[in-house]
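# Structural features, examined
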Amino acid sequence: MPTILGQNQYGKAENRVVKIVRDGDTHHIKDLNVSVALSGDMDDVHYSGSNANVLPTDTTKNTVFAFAKEHGIESAEQFGIHLARHFVSSQEPIHRARIRIEEYAWERIATSDGNSKFIGADEVKHSFARKGMETRVSQITYDGEKWEVISGLKDLTVMNSTNSEFWGYVKDKYTTLKEAYDRILATDVSARWRYNWTSDEERMPNWEKSYEQARKHMLHAFAETYSLSLQQTLYQMGSRIINSRSEIDEIRFSLPNNHHFLVDLEPFGLKNDNEVYFAADRPYGLIEATVLRDGVEPKIPVDMTNL
(Lines give C-alpha, C1' and ligand atoms only; values in the text may rest on other atoms or scores of the structure.)
Protein backbone atom coordinates (compact mmCIF):
# COMPACT_ATOMS: atom_id res chain seq x y z
CA MET A 1 0.00 0.00 0.00
CA PRO A 2 1.52 3.37 -1.00
CA THR A 3 2.47 5.90 1.63
CA ILE A 4 2.69 9.66 1.59
CA LEU A 5 4.58 12.16 3.71
CA GLY A 6 2.65 14.05 6.34
CA GLN A 7 3.54 17.07 8.46
CA ASN A 8 7.25 17.48 8.96
CA GLN A 9 9.73 19.98 10.35
CA TYR A 10 13.36 20.14 11.29
CA GLY A 11 15.79 22.42 13.05
CA LYS A 12 18.24 22.73 15.89
CA ALA A 13 16.84 22.39 19.39
CA GLU A 14 18.04 23.91 22.65
CA ASN A 15 20.66 26.37 21.50
CA ARG A 16 21.81 27.86 24.80
CA VAL A 17 22.88 31.46 24.21
CA VAL A 18 24.02 33.89 26.89
CA LYS A 19 24.37 37.55 25.93
CA ILE A 20 26.29 39.97 28.13
CA VAL A 21 25.83 43.71 27.56
CA ARG A 22 28.66 45.70 29.12
CA ASP A 23 27.60 49.22 29.97
CA GLY A 24 30.87 50.36 31.45
CA ASP A 25 31.23 48.62 34.78
CA THR A 26 27.54 47.69 34.77
CA HIS A 27 26.76 44.44 32.99
CA HIS A 28 23.37 43.08 31.86
CA ILE A 29 22.69 39.42 31.10
CA LYS A 30 20.22 37.60 28.86
CA ASP A 31 20.22 33.80 29.10
CA LEU A 32 18.09 31.97 26.50
CA ASN A 33 17.47 28.41 25.36
CA VAL A 34 16.36 28.69 21.72
CA SER A 35 14.82 25.93 19.60
CA VAL A 36 14.27 26.38 15.86
CA ALA A 37 11.79 24.36 13.77
CA LEU A 38 11.46 24.94 10.01
CA SER A 39 8.98 23.52 7.49
CA GLY A 40 8.19 24.00 3.81
CA ASP A 41 9.19 22.28 0.55
CA MET A 42 10.92 19.33 2.16
CA ASP A 43 9.37 16.38 0.31
CA ASP A 44 12.50 15.53 -1.69
CA VAL A 45 14.79 15.15 1.29
CA HIS A 46 12.37 12.59 2.75
CA TYR A 47 11.65 10.71 -0.48
CA SER A 48 15.04 10.74 -2.20
CA GLY A 49 17.48 12.12 0.35
CA SER A 50 18.17 15.24 -1.75
CA ASN A 51 19.32 18.08 0.48
CA ALA A 52 18.83 20.76 -2.19
CA ASN A 53 16.21 22.59 -0.11
CA VAL A 54 17.72 21.89 3.29
CA LEU A 55 19.31 24.62 5.35
CA PRO A 56 21.59 22.66 7.72
CA THR A 57 20.54 22.58 11.33
CA ASP A 58 24.08 23.62 12.17
CA THR A 59 23.44 26.81 10.20
CA THR A 60 20.33 27.53 12.23
CA LYS A 61 22.43 27.13 15.37
CA ASN A 62 25.04 29.53 14.06
CA THR A 63 22.31 32.02 13.15
CA VAL A 64 21.05 32.06 16.72
CA PHE A 65 24.46 33.02 18.04
CA ALA A 66 25.17 35.47 15.24
CA PHE A 67 21.85 37.25 15.78
CA ALA A 68 22.58 37.58 19.48
CA LYS A 69 25.56 39.68 18.42
CA GLU A 70 24.03 41.47 15.43
CA HIS A 71 20.61 42.28 16.86
CA GLY A 72 21.15 41.90 20.58
CA ILE A 73 18.45 40.41 22.79
CA GLU A 74 15.95 43.07 23.75
CA SER A 75 13.44 40.41 24.73
CA ALA A 76 12.80 36.74 24.04
CA GLU A 77 9.88 37.65 21.79
CA GLN A 78 11.78 40.25 19.77
CA PHE A 79 14.73 37.88 19.32
CA GLY A 80 12.39 35.13 18.12
CA ILE A 81 10.77 37.53 15.66
CA HIS A 82 14.16 38.41 14.17
CA LEU A 83 14.97 34.72 13.73
CA ALA A 84 11.62 33.64 12.31
CA ARG A 85 11.55 36.51 9.81
CA HIS A 86 15.08 35.71 8.69
CA PHE A 87 14.49 32.02 8.04
CA VAL A 88 11.23 32.51 6.13
CA SER A 89 12.34 35.54 4.10
CA SER A 90 15.87 34.38 3.25
CA GLN A 91 15.14 30.77 2.24
CA GLU A 92 12.56 30.23 -0.51
CA PRO A 93 11.83 26.57 0.38
CA ILE A 94 11.07 27.51 4.00
CA HIS A 95 7.44 28.56 4.43
CA ARG A 96 7.09 28.48 8.19
CA ALA A 97 9.41 29.00 11.13
CA ARG A 98 8.61 28.25 14.74
CA ILE A 99 10.95 29.59 17.39
CA ARG A 100 10.59 28.40 20.97
CA ILE A 101 12.51 30.20 23.70
CA GLU A 102 13.02 29.64 27.39
CA GLU A 103 14.56 32.52 29.31
CA TYR A 104 16.37 32.05 32.59
CA ALA A 105 16.27 35.09 34.84
CA TRP A 106 19.26 36.41 36.77
CA GLU A 107 19.49 39.05 39.45
CA ARG A 108 22.41 41.04 40.74
CA ILE A 109 24.20 39.93 43.87
CA ALA A 110 23.98 42.63 46.50
CA THR A 111 27.40 43.19 48.04
CA SER A 112 28.38 44.52 51.41
CA ASP A 113 29.00 48.22 51.96
CA GLY A 114 32.63 47.57 52.62
CA ASN A 115 33.37 45.53 49.50
CA SER A 116 35.44 48.33 47.92
CA LYS A 117 38.34 47.81 50.27
CA PHE A 118 38.67 44.26 49.01
CA ILE A 119 38.28 44.69 45.26
CA GLY A 120 38.95 48.34 44.62
CA ALA A 121 35.47 49.28 43.42
CA ASP A 122 32.60 51.14 45.03
CA GLU A 123 29.90 48.76 43.78
CA VAL A 124 29.89 45.35 42.09
CA LYS A 125 27.67 45.40 38.99
CA HIS A 126 28.71 42.25 37.19
CA SER A 127 27.78 39.42 39.58
CA PHE A 128 24.45 37.57 39.32
CA ALA A 129 22.52 34.73 40.91
CA ARG A 130 19.85 32.62 39.18
CA LYS A 131 16.48 34.01 40.12
CA GLY A 132 14.16 31.39 41.57
CA MET A 133 12.80 28.40 39.67
CA GLU A 134 10.50 30.27 37.28
CA THR A 135 11.24 29.95 33.58
CA ARG A 136 9.91 32.39 31.01
CA VAL A 137 8.85 30.81 27.71
CA SER A 138 7.80 32.05 24.30
CA GLN A 139 6.88 30.58 20.92
CA ILE A 140 7.02 32.69 17.77
CA THR A 141 5.55 31.38 14.51
CA TYR A 142 5.77 33.13 11.14
CA ASP A 143 4.55 32.04 7.69
CA GLY A 144 5.74 35.03 5.68
CA GLU A 145 2.54 37.02 6.26
CA LYS A 146 1.13 36.41 9.73
CA TRP A 147 2.74 36.18 13.14
CA GLU A 148 1.62 34.21 16.17
CA VAL A 149 3.32 34.99 19.46
CA ILE A 150 2.55 32.88 22.51
CA SER A 151 4.40 33.73 25.71
CA GLY A 152 4.19 32.63 29.29
CA LEU A 153 5.99 30.97 32.15
CA LYS A 154 6.35 27.68 33.95
CA ASP A 155 7.48 26.47 37.38
CA LEU A 156 6.27 29.58 39.21
CA THR A 157 5.48 28.18 42.66
CA VAL A 158 2.97 30.15 44.72
CA MET A 159 1.16 29.54 47.99
CA ASN A 160 -1.63 31.04 50.09
CA SER A 161 -1.44 29.80 53.67
CA THR A 162 -5.07 30.80 54.33
CA ASN A 163 -8.09 32.42 52.62
CA SER A 164 -8.85 29.17 50.81
CA GLU A 165 -11.71 26.72 51.31
CA PHE A 166 -13.07 23.60 49.61
CA TRP A 167 -16.50 22.28 50.52
CA GLY A 168 -19.96 21.56 49.08
CA TYR A 169 -18.62 19.09 46.52
CA VAL A 170 -20.22 15.90 45.24
CA LYS A 171 -19.84 12.91 47.58
CA ASP A 172 -20.29 9.24 46.84
CA LYS A 173 -19.39 6.00 48.60
CA TYR A 174 -15.72 6.42 47.68
CA THR A 175 -15.39 9.94 49.05
CA THR A 176 -13.15 10.24 52.11
CA LEU A 177 -11.97 13.85 51.73
CA LYS A 178 -13.14 16.09 54.54
CA GLU A 179 -14.51 19.53 53.76
CA ALA A 180 -12.02 22.30 54.43
CA TYR A 181 -12.90 25.82 55.55
CA ASP A 182 -9.32 27.00 56.01
CA ARG A 183 -6.68 25.31 53.88
CA ILE A 184 -3.36 25.91 52.15
CA LEU A 185 -3.65 26.64 48.43
CA ALA A 186 -0.43 26.00 46.53
CA THR A 187 0.40 25.41 42.88
CA ASP A 188 3.16 25.51 40.28
CA VAL A 189 1.87 27.89 37.65
CA SER A 190 2.26 26.99 34.00
CA ALA A 191 0.65 29.66 31.82
CA ARG A 192 0.68 30.58 28.14
CA TRP A 193 -0.87 33.73 26.73
CA ARG A 194 -1.45 34.68 23.09
CA TYR A 195 -0.91 38.17 21.75
CA ASN A 196 -3.31 39.72 19.25
CA TRP A 197 -0.38 41.20 17.30
CA THR A 198 -0.26 39.26 14.02
CA SER A 199 1.02 41.66 11.36
CA ASP A 200 3.98 43.93 10.72
CA GLU A 201 1.41 46.60 9.90
CA GLU A 202 0.30 46.66 13.53
CA ARG A 203 2.08 48.27 16.43
CA MET A 204 4.26 45.71 18.15
CA PRO A 205 3.77 45.23 21.91
CA ASN A 206 6.50 46.08 24.39
CA TRP A 207 7.37 42.47 25.11
CA GLU A 208 9.36 43.05 28.29
CA LYS A 209 6.76 45.30 29.87
CA SER A 210 3.91 43.04 28.80
CA TYR A 211 5.51 39.98 30.39
CA GLU A 212 6.27 41.81 33.63
CA GLN A 213 2.75 43.23 33.83
CA ALA A 214 1.05 39.92 32.99
CA ARG A 215 3.07 38.18 35.68
CA LYS A 216 2.27 40.95 38.17
CA HIS A 217 -1.49 40.81 37.52
CA MET A 218 -1.41 37.01 37.74
CA LEU A 219 0.28 37.10 41.15
CA HIS A 220 -1.96 39.89 42.44
CA ALA A 221 -5.06 37.91 41.48
CA PHE A 222 -3.72 34.78 43.18
CA ALA A 223 -2.95 36.66 46.38
CA GLU A 224 -6.13 38.76 46.46
CA THR A 225 -8.72 36.10 45.62
CA TYR A 226 -10.51 34.49 48.56
CA SER A 227 -10.62 31.07 46.99
CA LEU A 228 -13.43 28.53 47.23
CA SER A 229 -11.74 26.40 44.56
CA LEU A 230 -8.55 26.45 42.53
CA GLN A 231 -10.76 26.77 39.45
CA GLN A 232 -12.11 30.06 40.77
CA THR A 233 -8.60 31.35 41.42
CA LEU A 234 -7.47 30.30 37.93
CA TYR A 235 -10.33 32.23 36.34
CA GLN A 236 -9.55 35.34 38.38
CA MET A 237 -5.87 35.14 37.37
CA GLY A 238 -6.76 34.91 33.69
CA SER A 239 -9.45 37.58 33.87
CA ARG A 240 -7.12 40.02 35.59
CA ILE A 241 -4.60 39.67 32.76
CA ILE A 242 -7.16 39.90 29.94
CA ASN A 243 -8.85 42.94 31.50
CA SER A 244 -5.55 44.71 32.23
CA ARG A 245 -3.54 43.98 29.08
CA SER A 246 -5.23 44.89 25.80
CA GLU A 247 -2.51 43.16 23.75
CA ILE A 248 -3.39 39.73 25.18
CA ASP A 249 -6.53 37.90 23.98
CA GLU A 250 -6.17 34.42 25.43
CA ILE A 251 -4.43 32.69 28.32
CA ARG A 252 -4.32 29.03 29.26
CA PHE A 253 -3.32 27.68 32.65
CA SER A 254 -2.23 24.29 33.89
CA LEU A 255 -2.26 24.34 37.69
CA PRO A 256 -1.43 21.29 39.78
CA ASN A 257 -3.06 21.45 43.19
CA ASN A 258 -0.10 20.89 45.48
CA HIS A 259 -2.00 19.29 48.33
CA HIS A 260 -1.09 20.03 51.93
CA PHE A 261 -2.80 17.72 54.42
CA LEU A 262 -3.06 18.36 58.13
CA VAL A 263 -0.97 15.87 60.08
CA ASP A 264 -2.78 13.92 62.78
CA LEU A 265 -0.85 14.78 65.92
CA GLU A 266 -3.36 13.37 68.39
CA PRO A 267 -1.37 10.12 68.87
CA PHE A 268 1.33 12.33 70.38
CA GLY A 269 -1.09 14.22 72.59
CA LEU A 270 -0.81 17.34 70.45
CA LYS A 271 -3.47 19.50 68.84
CA ASN A 272 -2.85 20.54 65.26
CA ASP A 273 -4.56 23.91 64.85
CA ASN A 274 -3.84 24.35 61.13
CA GLU A 275 -0.13 24.49 61.85
CA VAL A 276 1.55 21.30 60.66
CA TYR A 277 0.95 19.87 57.19
CA PHE A 278 2.16 17.00 55.07
CA ALA A 279 3.07 18.24 51.58
CA ALA A 280 2.08 15.53 49.11
CA ASP A 281 3.77 15.77 45.70
CA ARG A 282 1.61 13.04 44.10
CA PRO A 283 -1.03 12.23 43.22
CA TYR A 284 -2.26 15.76 42.71
CA GLY A 285 -5.30 17.49 41.33
CA LEU A 286 -4.63 19.10 37.96
CA ILE A 287 -6.75 22.10 37.06
CA GLU A 288 -6.57 23.39 33.48
CA ALA A 289 -8.59 26.02 31.65
CA THR A 290 -8.45 28.79 29.05
CA VAL A 291 -9.63 32.35 29.69
CA LEU A 292 -10.53 34.37 26.60
CA ARG A 293 -11.48 37.88 25.65
CA ASP A 294 -15.16 37.81 24.70
CA GLY A 295 -15.59 37.10 20.99
CA VAL A 296 -12.11 35.60 20.53
CA GLU A 297 -11.59 32.07 19.23
CA PRO A 298 -9.19 29.87 21.25
CA LYS A 299 -5.93 28.98 19.52
CA ILE A 300 -3.60 27.88 22.32
CA PRO A 301 -3.43 24.05 22.31
CA VAL A 302 -5.31 22.32 25.10
CA ASP A 303 -2.26 20.13 25.71
CA MET A 304 0.63 22.47 26.46
CA THR A 305 3.15 19.67 27.01
CA ASN A 306 5.18 20.62 23.96
CA LEU A 307 4.43 24.33 23.92
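Residues numbered from 1 in each chain as written. Predicted model: local features only at pLDDT ≥ 70, side-chain atom pairs only at ≥ 80, totals over all residues. Heavy atoms only, no water.

Going by the annotation in an unreviewed UniProt entry, the name recorded for the chain is Uricase, with Streptomyces anulatus given as the source organism. Note on the chain: under the UniProt heading Sequence similarities (unreviewed entry), the record states "Belongs to the uricase family." (UniProt positions renumbered as here; feature names shortened; annotations may be inferred.)

### A short note on the overall build of the chain
What the chain contains, in helices and strands, is six helices and ten strands. In terms of overall dimensions, the chain has a C-alpha envelope of 75 × 75 × 35 Å along the principal axes. Taken over 307 residues, the chain has a buried fraction of 41%. For the chain, long-range pairs separated by at least 24 residues make up 67% of all intrachain contacts whose partners lie at least 6 apart in sequence. Of the accessible surface of the chain, which amounts to about 17,900 Å², a share of 49% is contributed by carbon and sulfur atoms. Here the chain contributes 36 positively and 46 negatively charged side chains, and the mean placements of these two sets differ by 2 Å. (Helix = DSSP H or I, 4+ residues; strand = E, 2+ residues; numbered from the N terminus. Buried < 20%, exposed > 50% of the residue type's maximum accessible area, 1.4 Å probe, protein only. Contact = heavy atoms within 4.5 Å. Areas by Shrake-Rupley, 256 points an atom, 1.4 Å probe, with all protein chains shown as cover. Lys, Arg positive; Asp, Glu negative; His and termini not counted. Charge placed at Lys NZ, Arg CZ, Asp CG, Glu CD.)

### Thoughts on the UniProt feature "binding site: urate" (unreviewed entry) in the chain
Sequence positions flagged by UniProt for "binding site: urate" (unreviewed entry) are, in local numbering, Thr-57, Asp-58, Phe-166, Arg-183, Gln-231 and Asn-257. Sequence-wise these annotated residues cover 201 residues; spatially they are dispersed, their C-alpha atoms as much as 52.7 Å apart. Structurally, Asp-58 is set in helix H2 (residues 57-70). Judged by its relative accessible area of 38%, Asp-58 falls in the partly exposed class. Looking at Asp-58, its side chain comes within polar contact range of the side chain of Lys-61, at 2.8 Å. Residue placement: Gln-231 occurs in helix H6 (residues 230-244). A relative accessible area of 44% places Gln-231 in the partly exposed class. (Polar contact = N/O pair within 3.5 Å; in protein donor to acceptor, adjacent residues only side chain to side chain.)

### A closer look at H6
For H6, with 15 residues, the first-to-last C-alpha span of 21 Å sits near the 21 Å given by 1.5 Å per residue. Among the residues of H6, Leu-230, Thr-233, Leu-234, Met-237, Gly-238, Ser-239, Ile-241 and Ile-242 are the ones counted as buried. Here the buried face of H6 lies against strand S6 (185-195), helix H5 (207-224), strand S7 (248-257) and strand S10 (285-292). (Expected span 1.5 Å × (residues − 1).)

### As for the pairing of strand S5 (residues 147-160)
Sheet analysis places strand S4 (residues 128-142) next to S5, joined by eight bridges and oriented antiparallel. Looking at the pairing, Gln-139 lines up with Ile-150 of S5. Hairpin geometry of S4 and S5 is characterised by an intervening segment of four residues between the two adjacent antiparallel strands and by a positive phi of about 100 degrees at Gly-144. When S5 meets S6, the two strands line up antiparallel, connected through nine bridges. Looking across to S6, one finds that Ile-150 is bridged to Arg-194. (Pairing = 2+ DSSP bridges.)

### With respect to a negative patch on the surface
On the surface, a cluster of negative charge is contributed by Asp-41, Asp-43, Asp-44 and Glu-92. Mapped onto the secondary structure, Asp-41 falls in the loop between strand S2 (26-40) and helix H1 (43-47). (Patch = residues over 30% accessible without salt bridge, like charges linked within 9 Å, V, L, I, M, F, W, Y side chains within 5 Å. Salt bridge = Lys/Arg side-chain N within 4 Å of Asp/Glu carboxyl O.)

### Overview of the side chain of Arg-136
Here Arg-136 is to be found in strand S4. The class of Arg-136 is buried, set by a relative accessible area of 7%. A distance of 2.9 Å separates polar atoms of two side chains, one belonging to Arg-136 and the other to Glu-208. Once residues within four sequence positions are removed from consideration, Arg-136 is found in contact with Ser-75, Ala-76, Glu-77, Ile-101, Glu-102, Glu-103, Gly-152, Leu-153, Trp-207, Glu-208 and Tyr-211.

### Side note on the nonpolar core
Membership of the largest hydrophobic core comes to 53 residues, with the highest contact counts inside it found for Val-34, Phe-79, Ile-99, Val-189, Trp-193, Met-218 and Phe-253. The dominant element in this core, judged by the number of residues it contributes, is helix H3 (residues 76-90), at seven residues. In this structure, this core is formed jointly by two domains, domain 1 (8-145) and domain 2 (153-306), each of which donates at least three residues. Not counting residues up to four positions away in its chain, the partners in contact with Ile-99 are Val-34, Ser-35, Val-36, Gly-80, Leu-83, Ala-84, Phe-87, Ser-138, Gln-139 and Ile-140. (Core = buried A, V, L, I, M, F, W, Y, C linked by side-chain atoms within 4.5 Å. Domains from an automatic or database assignment.)

### Quick word on unusual backbone geometry
Omega for the peptide link from Arg-282 to Pro-283 comes to -5 degrees, which places this bond in the cis form. Mapped onto the secondary structure, Pro-283 falls in the loop between strand S9 (277-279) and S10. Positive phi, normally seen in glycine, also occurs at Asp-155, with a value near 65 degrees. Within the element layout of this structure, Asp-155 appears in strand S5. Of the residues examined, Asp-155 reaches a relative accessible area of 39% and is grouped as partly exposed. Of note, the phi angle at Asn-274 is positive, near 55 degrees, even though the residue is not glycine. Along the chain, the position of Asn-274 falls in the loop between strand S8 (260-262) and S9.

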